[in-house]
Structure formats: structure tokens, C-alpha cells
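# Structure assessment
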Amino acid sequence: MTTIDGSAVRKLVVACDAGMGSSVMLASTVRKQLAKNGVTVEHTSVQEIPGDADVVLTHAGLADRARGVAGGTPVVPFNLFLGDPAVTKVVTAIQQGQTIDV
Amino acid sequence: MSDVDPAALLAPDAIRLAEQAADKTQAIRICGQALVDCGAVEAAYVPAMLEREESVSTYIGEGVAIPHATLAGKEAVLRDALCFVRFPAGVDWDGAQVTVCIGIAAQGDGHVEILAELAQILLDPERAEALRAAESAETVLAMLTPAPEDTPEPTREGER
């Protein structure tokens, strides 16, 4: 169990295997949702998760690999590329400055 | 980056509207071949697409899948490109029914805006239905071309 302080998130990273398809798609929707919150949203491959990320979203099947790269940064796994409740929870926490457990 | 020509990424001959596939493996091969045929990838890209599908499905909802390669497959990419392959009879995709596959080959971010537009379409059930029903390349391209007011991306220049 990890805690995310939504008000402290400045960079959110969406990671997938190649960083060319699924992560691009999800990052684009999250970027739109967080456009007013001053949060940078990037898409990358799992191997290239940047060290300054505050939270990482990745597909459940890649979460272990992502955790290995992300160090202590919270990794939130999701199953659906559009409309996943875990993603919605993180986005809402950032929008409203809430602290959540993931 | 914001003035990427959608028609250059999604070439007319990479839009195939009446394909048939017995299963998702065959569907992915057809997408891969479309990318090979338009000169976007080397043949080695296709097995990398199948490999990626085995680790994580590229089904994204609303009857649409976005097959693409693993990180290793990027080496076989010759230029950023998309293909749009429609299977009117549908393809079983691990229990989901896929009508449209948008195959992706990319080394850079030139295709990001079209995928962003796709995401917006799929979040709107009526537009998603229209995309699945598209019967001309012109319609497909027009739907996937981002509207000018639809791409305010203040953070885009900061991307690395």
C-alpha cells in the first residue's frame, strides 16, 4: 500500500512496453483531464520511466517491471485503457488535492 | 510537431475497410502487412506485434484495438505511420468483438495527436459507432484529424 498526495503531484507518467501506443492513448486523455492542474503528463516505455515522476500509471501486466524501474515512486496498475476506475481515482485525487491509498 | 499531416501518417493505401480475419493473430498480421506495404516497417515488425499482444492485449474498448510492437520492435520502424483496418464481420479479441484495428508503427511522437483524437472518439459512444461504420477512407481520415481547437497542449513543448 502506497499513499499519493494529489496536491503534490507535478509529473504523472503513463508507461507501457514500447511507449508508442497504449500509453500514448491514456496519457492524452489524462493530460486533457489535468490541463488545469499544472501537472505534466508524459508517456514512456516502462524502461524509461523518468526519475522525477511523482506517480506512474501502467498496465497491470507491466506493474512489476515498472516498480523495478520507478524505485519509490508510486505505481498504479490499471486494466482498461479507457475509463479504468484506478486511473479515475488518481485523476480525481490530483484535481481535488486529496490523499489516497493505492 | 503540431502541424503533422494526418494523411502522411495514415496513408490512403493503409486504410483498408473490408478485411476478414479468423482470429486476432490473423488480424494483427493483416495490420502488420498494411504497415509493411506502405513502407513504414520492415517485415520483422510483424512478429514483434504478435509478441506484444501476448504480453498485454492492445484492445482499448468500443470495438477497437491498436496493435503495435514491443520496444524491441522499434528497430524495424522505418517511419512513423498508422494503418486503419476494418473487419466488418468482427474479430474475437479475447472475448471482445473488434471491428477496427489501428496499427501503429512509431519511433517518435508524430502520431500522438491522432491517437489523442481516437481516444476522444472512443469516449463518445456515438462517434465510436460512426468510426466503426466508416465506409470511406475520407471519412476515416476526417474523423481522426484533430480539430484545431481540440489540441491545446500547453505542456507539449516541455515533453522530452
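Analysis parameters
- Residues numbered from 1 in each chain as written.
- Chains lettered and ligands numbered in written order.
- Predicted model: local features only at pLDDT ≥ 70, side-chain atom pairs only at ≥ 80, totals over all residues.
- Heavy atoms only, no water.
- Helix = DSSP H or I, 4+ residues; strand = E, 2+ residues; numbered from the N terminus.
- Rg over C-alpha atoms; globule rule 2.2 N^0.38 Å.
- Buried < 20%, exposed > 50% of the residue type's maximum accessible area, 1.4 Å probe, protein only.
- Contact = heavy atoms within 4.5 Å.
- Arc of directions from axis to C-beta.
- Salt bridge = Lys/Arg side-chain N within 4 Å of Asp/Glu carboxyl O.
- Buried area = accessible area lost by both parts, 1.4 Å probe.
- Polar contact = N/O pair within 3.5 Å; in protein donor to acceptor, adjacent residues only side chain to side chain.
- Nonpolar A, V, L, I, M, F, W, Y, C, P; charged D, E, K, R; others polar.
- Core = buried A, V, L, I, M, F, W, Y, C linked by side-chain atoms within 4.5 Å.
- pLDDT = per-residue confidence, 0-100.
- Pairing = 2+ DSSP bridges.

### What to know about the overall build of chain B
- Tallying secondary structure elements over chain B gives six helices and five strands in all.
- Reading the helices (α) and strands (β) of chain B from amino to carboxyl end gives α-β-α-α-β-β-β-β-α-α-α.
- Against the 2.2 N^0.38 benchmark of 15 Å for 160 residues, chain B shows a C-alpha radius of gyration of 15 Å, consistent with a compact globule.
- Principal-axis analysis of the C-alpha atoms places the extent of chain B at approximately 40 × 35 × 25 Å.
- Here chain B, with 160 residues, has 54% of them falling under the buried criterion.
- Partitioning the contacts of chain B with sequence separation of at least 6, the portion at a separation of at least 24 is 68%.

### Looking at helix H5 (residues 125–133) of chain B
All names here are of chain B.
- Those residues of H5 that fall on the buried side of the exposure criterion are Ala 128, Leu 131 and Arg 132. Burial along H5 is one-sided: seen end-on, the buried residues are contained in an arc of 100 degrees.
- Buried residues along H5 sit against strand S4 (81–93), strand S5 (96–105), helix H4 (112–122) and helix H6 (137–144).

### Here we look at the pattern of salt bridges
- Counting across every chain of the model gives 10 salt bridges over all chains.
- B:Arg132 is the salt-bridge partner of B:Glu129, the closest N and O atoms lying 3.0 Å from each other. Taken together, the positions of B:Glu129 and B:Arg132, both in helix H5 and three residues apart, correspond to about one turn of that helix.
- Taking the relative accessible area as the measure of exposure, B:Arg132 reaches 18% and is therefore buried.
- One network of salt bridges, in which partners are shared, links A:Lys11, A:Glu42 and A:Asp52.

### Quick look at the environment of A:Val9
Residue and element names in this part refer to chain A.
- Tracing the backbone through its elements, the reader meets Val 9 in the loop between strand S1 (3–5) and strand S2 (11–16).
- Look at Val 9 and you get buried, because its relative accessible area is 2%.
- Measuring from C-alpha to C-alpha, the distance between Val 9 and Ile 94 comes to 6.8 Å, with 85 residues separating the pair along the chain.

### Topic: the interface of chain A and chain B
- Contacts between the two partners involve 24 residues from chain A and, on the opposite side, 32 residues from chain B.
- Summing the contributions of chain A and of chain B, the shared interface buries around 2,300 Å²; its carbon and sulfur component is 62%.
- Interface area lost by chain A to chain B is led by A:Met20, A:Met25 and A:Lys32, which between them contribute 28%.
- If you look at where chain A meets chain B, you find zero salt bridges.
- One can count five residue pairs in polar contact (both at pLDDT 80 or more) joining chain A with chain B.
- If you list the elements that add at least two residues to the side of chain A that touches chain B, you get S2, helix H1 (22–33) and strand S3 (40–45) of chain A.
- Across the side of chain A that touches chain B, the residue classes tally to 10 nonpolar, eight polar and six charged.

### Section: the nonpolar core
- If you look at the biggest cluster of nonpolar residues, it comprises 93 residues, and the most contacted ones within it are A:Leu12, A:Leu57, B:Tyr45, B:Phe84 and B:Leu118.
- Looking at this core element by element, the count peaks at eight residues for S4(B).
- When residues no more than four places from it in sequence are discounted, the contact partners of A:Leu57 are A:Leu12, A:Val13, A:Val14, A:Ala15, A:Leu26, A:Val30, A:Val76, A:Phe78, A:Val87 and A:Val90.

### Comments concerning the side chain of A:Arg31
- The residue A:Arg31 is located in helix H1 in this model.
- A distance of 2.8 Å separates a polar side-chain atom of A:Arg31 from the backbone oxygen of A:Val41.

### Describing the confidence of the model for chain B
All names here are of chain B.
- On average, residues of chain B carry a pLDDT of 89, and 90% of them reach 70 or more.
- Taken element by element, the predicted model of chain B shows its lowest mean pLDDT in helix H1 (residues 6–9) (88) and its highest in helix H2 (residues 24–37) (98).
- This model gives residues 155–160 a pLDDT under 50, and the stretch forms 13 contacts once residues within four places in sequence are excluded.

### Concerning the sheet that holds strand S3 (residues 64–65) of chain B
Residue and element names in this part refer to chain B.
- Taken in spatial order, the five strands make up an open sheet running S1-S4-S5-S3-S2, and their pairing is mixed. The open sheet has two edge strands with one neighbour each: strand S1 (15–16) and strand S2 (59–61).
- The pairing of S2 with S3 spans two bridges and is classified as antiparallel. Each residue of the ladder has a partner; that of Gly 61, found in S3, is Val 64.

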